[in-house]
Structures are given as structure tokens and as C-alpha cells.
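Okay, here's what each chain looks like letter by letter:
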Amino acid sequence: MVYQRITRLPSRSFFLFGVRGVGKSSWVRVTLPNALRFDLLDEALYHDLLADPSLFRELVSTVSHGDWVVIDEVQRIPTLLNEVHRLIEERGLRFALLGSSARKLKTAGTNLLAGRASRKAMYPLVPQELSTDFILEDVLRYGSIPLVWTAGDRREVLESYTQLYLREEIRAEAIVRNLSGFVRFLPIAALLHGQTVNVTGIARDAGVARTTVTGYLDVLEDTLLTWRLPAFEAKLRVRERRRPKLYWVDSGLVRAVKRQFGPVSVEERGALFEGWVLSLLRAHAEEQSVFDTIHYWAPAESNTEVDFLLSRDNEYLAIEVKAARRYNTVLLKGLRAINDLPHLVRRILIYDGARVFRTEDGIDVWPVKQLLEALQTGALWP
């Protein structure tokens, strides 16, 4: 089944990044059915263009001004972007540049088109896209990457996905020299889903150097599997924590790396639910003004924190995520602690219950359904 994505087509050239199997190629086939398409996973084409990138100009010679050209897996030949740059400038062609890794494109000397192409990201399927197929328990257990979600045996596909990642993204591109060390590191990184990153502790547990762990974390982020959420730092009386939190892009992937495939346990549910909400916020932020920046808030002098602090137009919105199915005032501890933050316009508790209400001190208590409606209608901010 092909789901209708919330991703909108830009009017000019763009990069579209996302993990393998997230649906980039399917989306572009539907959205740009008449575009000339080049898939750099085609080994013959890949080797021809790697040997002579200028050959690309001949291959697009019949494309007219303003028409679209799609390059899939563009990160495999970064130098091809020099030709893309010239074709945008000289012939007015428009390019959809799809990639499952940003690592090679970040190297020194890579032509990123100097602002001539916008950057977009595609995330696993969100409830708006899944519509009546959305089942929270299934999303937390298996994730919602289309390749996995639409499979007959989701567990089997998830297991093979991690091997695909190690084989094609890591070994084939020679991203890391010590593959065995990286394999030991992966399940440790999965255990850190939703937690602050202690590089020294990870290095000790994985049996590798601290600098190696820093490189491994960069690999995970560059290959779009994880994202580090920075701590909010403001000129307040209390000193803010500086360590970022690590989140995986998909709950199914983080469980597969830990080799957990059964029903979601109580112990892991909180982190998975929290990470899913973050992915949901980021997915909607790609297409609408959900936030300009996002952090977590945690004063160093307190054990209290708030999961997500969104900023937009010099205003703040605080969101606390709890997997609890019953409301309890204890769940409001962080949101009450952040109340004195200047320019804070709303505080929201997202939980797994059913009641919608506002507390006496102005905190909105929302179930998942209310959050989804707010994101779809643009009503997250007051």
C-alpha cells in the first residue's frame, strides 16, 4: 500500500534526506511522474558517472528549462553536484536530490549548491498519513518506516534492516574502520534512546576510545538514524546542563538493534513514547511552522526537566511526554518548574490517557488524539 505523505514539493531544487525504506523514492515517483530519474544504486550507471561526472550533462541534454531531474542516492557521488550546479545555473533545470546519508556530502570541498537547493527530510509514517491504519501500540513496537510497516512479517524485515544498514551504509562506504567496535556500540546507543549522552561511559561499555565513540555518534546522525537534542541554555540564575539527549528516528529500529521484537514492555514504553512524539513534532515541522528550534530543559541544580521546549518568534512552548494512562499531578512537576521562563506561552502534558482538560494553573493536559489534531490544524501554539 502507498500512503499519501504530508511532504510537499518545493518550487525549486531540493535535497530530500531520510533513512533507507522511508519512502523517498516512492514519493518522488508519485509527485514527479514525468521527471528523468537516475538511481545511483544502479552499479553500471554509478561506475560510469564516478569515472566521468561530466557524462551527466549528456544524459540530461533532452531535458527542458524548468523540468525536473531526480537523482536517487546522490551521496554516492558527491562530485556530481558540481554538474548539477552548472545545470541549474546555465539551463534552469530543477533537481530532486535524494539521499540516505549526509556524511559524504559534509566533507570539505563538496558543492552543496550554495543555497540553490533547499534541504528537506522525510520521516517514518505519521498518524495523519496512516489514517485509519494508525495503531499506537504497533508503531511503538515495530516503528512506522514504510518498508517495515507494509511488510507481511515486520519482525523479519526489521532484523534484515539492521544488517542492511551495517552492510550498505557502514561497510560498503567504509565509514568506520573498526566494524566490530561499531557493532558493539550499536546496542549501547539503542539503550540510550531518550537519555543524555555520556561519551566516556559509552566508550567504557563498548571497549573503544572516547574519540571513537564521538565518531560513531556522528555516523549515526549522518546516516539519519539518530538525532541529538540539545539542552536549552539561557542566561538564567541556574546553570543549564550541556549534554545532548540521543533519540533514534524510529521506535522499531531502536528495538531491533536491541533485538527486542515482542510486545513493548512497561520499562521501555516511556522512552519509546517520548521519542515517537519528538519524531512526530519534527516531521510536522518540515511542512509547517511548528517550531524554529527545539531543546530539552533541565536546570543543573534540580532533578526536574521538561522533555521538549519549542521556540518560535521569540516565544516558548513546553511539552512534557508521559506514557502513563492515568493522569496524576506528579506528571506536572517539570511543567510547573518551568513556569517562570520568560516568554513561555503554553505548557502541555501529553499522556496516554483519554481526558482533555486544563489545570487551574493553566497546563493543558492532552491525550495523543488531541496532539494529532493540533498538529494537523496548526493549533499547537495558542
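Residues numbered from 1 in each chain as written. Predicted model: local features only at pLDDT ≥ 70, side-chain atom pairs only at ≥ 80, totals over all residues. Heavy atoms only, no water.

### Some remarks on the packing of helix H9 (residues 179–191) against helix H10 (residues 199–206)
And then number 1: Closest axis-to-axis distance for the H9/H10 pair is 9 Å, and the angle between their directions is 130 degrees. Classed by the angle they form, the pair H9 and H10 counts as oblique. The element H9 and its partner H10 pack so that their crossing is right-handed. Each of Arg184, Phe185 and Ile188 in H9 lies in contact with H10, whose residues at this interface are Ile202, Asp205 and Ala206. (Axes fitted to C-alpha atoms, helices over the stretch in contact; angles between N-to-C directions. Helix = DSSP H or I, 4+ residues; strand = E, 2+ residues; numbered from the N terminus. Parallel < 35°, antiparallel > 145°, perpendicular 65-115°, else oblique. Left-handed = near helix turned anticlockwise from the far one by under 90°. Contact = heavy atoms within 4.5 Å.)

### Looking at a negative patch on the surface
And then number 1: A cluster of acidic residues, Asp42, Asp48, Asp52 and Glu58, forms a negative patch at the surface.
And then number 2: On the accessibility criterion, Asp52 (36% relative accessible area) is partly exposed. (Patch = residues over 30% accessible without salt bridge, like charges linked within 9 Å, V, L, I, M, F, W, Y side chains within 5 Å. Areas by Shrake-Rupley, 256 points an atom, 1.4 Å probe, with all protein chains shown as cover. Salt bridge = Lys/Arg side-chain N within 4 Å of Asp/Glu carboxyl O. Lys, Arg positive; Asp, Glu negative; His and termini not counted. Charge placed at Lys NZ, Arg CZ, Asp CG, Glu CD. Buried < 20%, exposed > 50% of the residue type's maximum accessible area, 1.4 Å probe, protein only.)

### Re empty space enclosed by the protein
And then number 1: This model, assessed by the stated rule, comprises four cavities of 30 Å³ or more.
And then number 2: The calculated volume of the largest cavity comes to roughly 120 Å³.
And then number 3: Taken together, 18 residues make up the lining of the largest cavity; nearest its centre are Pro124, Ser144, Val249, Trp276 and Ser279.
And then number 4: Ranked by the residues each element gives to the lining of the largest cavity, the list is headed by helix H13 (residues 266–285), at six residues.
And then number 5: Class assignment for the residues of the lining of the largest cavity results in 11 nonpolar, six polar and one charged. (1 Å grid on protein atoms, 1.4 Å probe; cavity = no way out; pocket = protein on both sides within 12 Å on 5 of 7 lines; lining within 4 Å. Points joined across faces, edges and corners; volume = space filled by probe spheres on them. Nonpolar A, V, L, I, M, F, W, Y, C, P; charged D, E, K, R; others polar.)

### Regarding the layout of surface pockets
And then number 1: Counted as a void, the largest pocket has a volume near 540 Å³.
And then number 2: Every residue lining the largest pocket is counted, 25 residues in all, and those nearest its centre are Gly23, Lys24, Ser25, Ser26 and Trp27.
And then number 3: When contributions to the lining of the largest pocket are tallied by element, the ones reaching two or more residues are helix H1 (24–31), strand S2 (36–39) and helix H7 (146–149).
And then number 4: The element that contributes the greatest number of residues to the lining of the largest pocket is H1, accounting for seven residues.
And then number 5: Class assignment of the residues belonging to the lining of the largest pocket gives a composition of 10 nonpolar, seven polar and eight charged.
And then number 6: In this model, the second largest pocket occupies a volume close to 430 Å³.
And then number 7: Along the walls of the second largest pocket sit 22 residues, with Arg119, Ala121, Leu224, Trp227 and Arg282 positioned nearest its centre.
And then number 8: Looking at the lining of the second largest pocket, the elements with two or more residues in it are strand S5 (118–121), helix H11 (210–222) and strand S7 (226–229).
And then number 9: In terms of residue class, the lining of the second largest pocket is built from 11 nonpolar, two polar and nine charged.

### Concerning the side chain of Arg347
And then number 1: Structurally, Arg347 can be placed in strand S12 (residues 344–351).
And then number 2: One buried charged side chain, Arg347, makes no salt bridge at all; its nearest oppositely charged neighbour is Asp361, positioned 4.2 Å away.
And then number 3: Filtering out sequence-adjacent residues up to four positions away, Arg347 remains in contact with Ala318, Leu335, Arg336, Ile338, Asn339, Asp361, Gly362, Ile363 and Asp364.

### Observations regarding H11
And then number 1: In this model, H11 (13 residues) spans 19 Å end to end at C-alpha, consistent with the 18 Å of a helix rising 1.5 Å per residue.
And then number 2: For H11, every residue scored as buried is listed here: Val213, Tyr216, Leu217, Val219, Leu220 and Asp222.
And then number 3: Once H11 ends, the next one or two residues include Leu224, with phi positive near 70 degrees. (Expected span 1.5 Å × (residues − 1).)

### Observations concerning the environment of Val70
And then number 1: Tracing the sequence through the fold places Val70 in strand S3 (residues 68–72).
And then number 2: The exposure class of Val70 is buried, given its relative accessible area of 2%.
And then number 3: As for Val70 and Glu137, which are separated by 67 residues in sequence, their C-alpha atoms are 36 Å apart.
And then number 4: Setting aside anything within four residues of it in sequence, one finds Val70 in contact with Val28, Leu32, Ala35, Leu36, Arg37, Phe38, Ala96 and Leu98.

### Comments concerning the nonpolar core
And then number 1: Of all hydrophobic cores here, the largest spans 121 residues; its most connected members are Phe56, Trp248, Leu281, Phe308, Leu310 and Leu380.
And then number 2: For this core, the leading source of residues is H13, giving eight residues.
And then number 3: Core analysis: the next-biggest nonpolar cluster, separate from the first, contains 17 residues, Ala318, Leu332, Leu349 and Val365 among them. (Core = buried A, V, L, I, M, F, W, Y, C linked by side-chain atoms within 4.5 Å.)

### Notes on the pairing of strand S14 (residues 363–367)
And then number 1: Taking burial as the measure, the five residues of S14 include five buried ones, the bulk of the element.
And then number 2: Of the two faces of S14, the one holding Ile363, Val365 and Pro367 and the one holding Asp364 and Trp366 are both buried throughout.
And then number 3: Sheet analysis places S12 next to S14, joined by five bridges and oriented parallel. Looking at the pairing, Tyr351 lines up with Pro367 of S14. (Pairing = 2+ DSSP bridges.)

### Notes on unusual backbone geometry
And then number 1: A positive phi is found at Asn314, a non-glycine position, where the angle reads about 65 degrees.
And then number 2: Structurally, Asn314 is set in the loop between strand S10 (306–312) and strand S11 (315–321).
And then number 3: The backbone of His343 shows a phi angle near 70 degrees, a positive value even though the residue is not glycine.
And then number 4: In this fold, His343 is placed in the loop between helix H14 (333–337) and S12.

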